[in-house]
Amino acid sequence: MRAVLNAIDYVSKEGKFKKTAGYIQHGVTSCMLHTIAVAYYSDRIAKKMHIRYRRRELLIGALLHDYFLYDWHDKAPERKIHGFTHPRCALINADRDFELTKTEKNIIVRHMFPLTLIPPKVREAWIVCAVDKICSVYEVFSKNPYTRLRAELALNNVNVG
Ligand SMILES: [Fe+2]
Ligand SMILES: [Fe+2]
């Protein structure tokens, strides 16, 4: 959890990550809680699988994978293609606000594969791509998602909206 909190701290101080607490992602889950959950579980799963991965980059990339900074439920006409366009939008925003590595960029821009046709290139991006889908389905169906994770975040003064 310490590494996750450090990564949250970094993206909160350098950019507009805190703004994502104000947008709903799925169900009752804010965009901020969604990306924190994706980062947290990607890290746990990668560790469980005993694969080699760049932890800091996996966490930063996961936290910024939905850094598109708008409410995608706002019914603007371009939201119809949000699923296809938001990875690129998140990458443009994140690239403006942070010094990103190639791995972090790949995580962000490829996370919607196979909807967006080009697959991830690095294993960190494959993990985030898979975990994002699991978390999204969970968020849509859960009435009270991530209870333990939220409690731990609250203990550490992370306000997820
Ligand atoms: Fe996304
Ligand atoms: Fe996502």
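What counts as what
Residues numbered from 1 in each chain as written. Chains lettered and ligands numbered in written order. Predicted model: local features only at pLDDT ≥ 70, side-chain atom pairs only at ≥ 80, totals over all residues. Helix = DSSP H or I, 4+ residues; strand = E, 2+ residues; numbered from the N terminus. Rg over C-alpha atoms; globule rule 2.2 N^0.38 Å. Contact = placed C-beta atoms within 7 Å. Buried ≥ 20, exposed ≤ 12 C-beta atoms within 10 Å, placed from the backbone. Axes fitted to C-alpha atoms, helices over the stretch in contact; angles between N-to-C directions. Parallel < 35°, antiparallel > 145°, perpendicular 65-115°, else oblique. Left-handed = near helix turned anticlockwise from the far one by under 90°. Nonpolar A, V, L, I, M, F, W, Y, C, P; charged D, E, K, R; others polar. Core = buried A, V, L, I, M, F, W, Y, C linked by C-beta atoms within 7 Å. Expected span 1.5 Å × (residues − 1).

(A) Structural detail: the overall build of the protein chain. For the protein chain, the helix and strand inventory stands at seven helices and two strands. A globule of 161 residues ought to have a C-alpha radius of gyration of about 15 Å, and the protein chain, at 14 Å, matches this closely. When the backbone C-alpha atoms are referred to their principal axes, the protein chain occupies close to 40 × 35 × 30 Å. Across the protein chain, every contact between residues at least 6 apart in sequence was considered, and the portion connecting residues at least 24 apart equals 65%.

(B) Geometry of the environment of R110. Among the structural elements, R110 can be located in the loop between α5 (102–109) and α6 (123–141). The exposure class assigned to R110 is buried, which follows from the 22 C-beta atoms found within 10 Å. Distance from R110 to A130, taken between C-alpha atoms, is 11 Å for residues 20 residues apart in sequence. Ignoring any residue separated from it by four or fewer positions in sequence, one finds R110 in contact with I118, P119, P120, A125 and C129.

(C) Structural view of the packing of helix α3 (residues 55–63) against α6. Between α3 and α6, the shortest axis-to-axis distance is 10 Å and the interhelical angle comes to 40 degrees. Considering the angle they form, α3 stands oblique to α6. In the packing of α3 onto α6, the handedness of the crossing is right-handed. Residues E57, L58, G61 and A62 of α3 form the contact with α6, whose own contacting residues are E124, I127 and V128. Tallied by class, residues from the contact of α3 with α6 come to four nonpolar, one polar and two charged.

(D) Just the packing of α5 against α6, in detail. At a minimum axis separation of 8 Å, α5 and α6 run at an interaxial angle of 30 degrees. If you check the angle between α5 and α6, you find them roughly parallel. In terms of crossing hand, the pair formed by α5 and α6 is right-handed. Of the residues in α6, those in contact with T103, N106 and I107 of α5 are E124, A125 and V128. Each residue belonging to the contact of α5 with α6 can be placed in one class, and the counts come to three nonpolar, two polar and one charged.

(E) Structural view of the nonpolar core. The biggest cluster of nonpolar side chains holds 40 residues, and the ones touching the most others in it are I36, A39, L63 and V128. Residue assignment for this core shows that the elements contributing at least two residues are α1 (2–14), α2 (31–48), α3, α4 (82–97), α5 and α6. Among the elements that take part in this core, α2 stands out by supplying ten residues, more than any other. Apart from the residues lying within four places of it in its own chain, the contact partners of V128 are V38, S42, L58, G61, A62, H65, I107 and H111.

(F) Representation of unusual backbone geometry within the structure. Here the bond from F113 into P114 is cis, since omega is 10 degrees, no more than 30 degrees from zero. By the element assignment, P114 lies in the loop between α5 and α6. With a phi close to 55 degrees, H50 is a non-glycine residue in the positive phi region. You can see H50 is positioned in the loop between α2 and α3.

(G) Molecular detail of α6. Compared with an ideal rise of 1.5 Å per residue, which puts 19 residues at 27 Å, α6 spans 28 Å between its outermost C-alpha atoms and is within 8% of the ideal. Turning to α6, its buried residues are E124, A125, W126, I127, V128, C129, V131, D132, C135 and E139.

(H) Structural detail: α4. The end-to-end C-alpha distance of α4, which contains 16 residues, comes to 21 Å, matching closely the 22 Å that a straight helix rising 1.5 Å per residue would cover. Looking at α4, one finds that the buried residues are H86, P87, A90, L91 and A94. Buried residues belonging to α4 abut α5.

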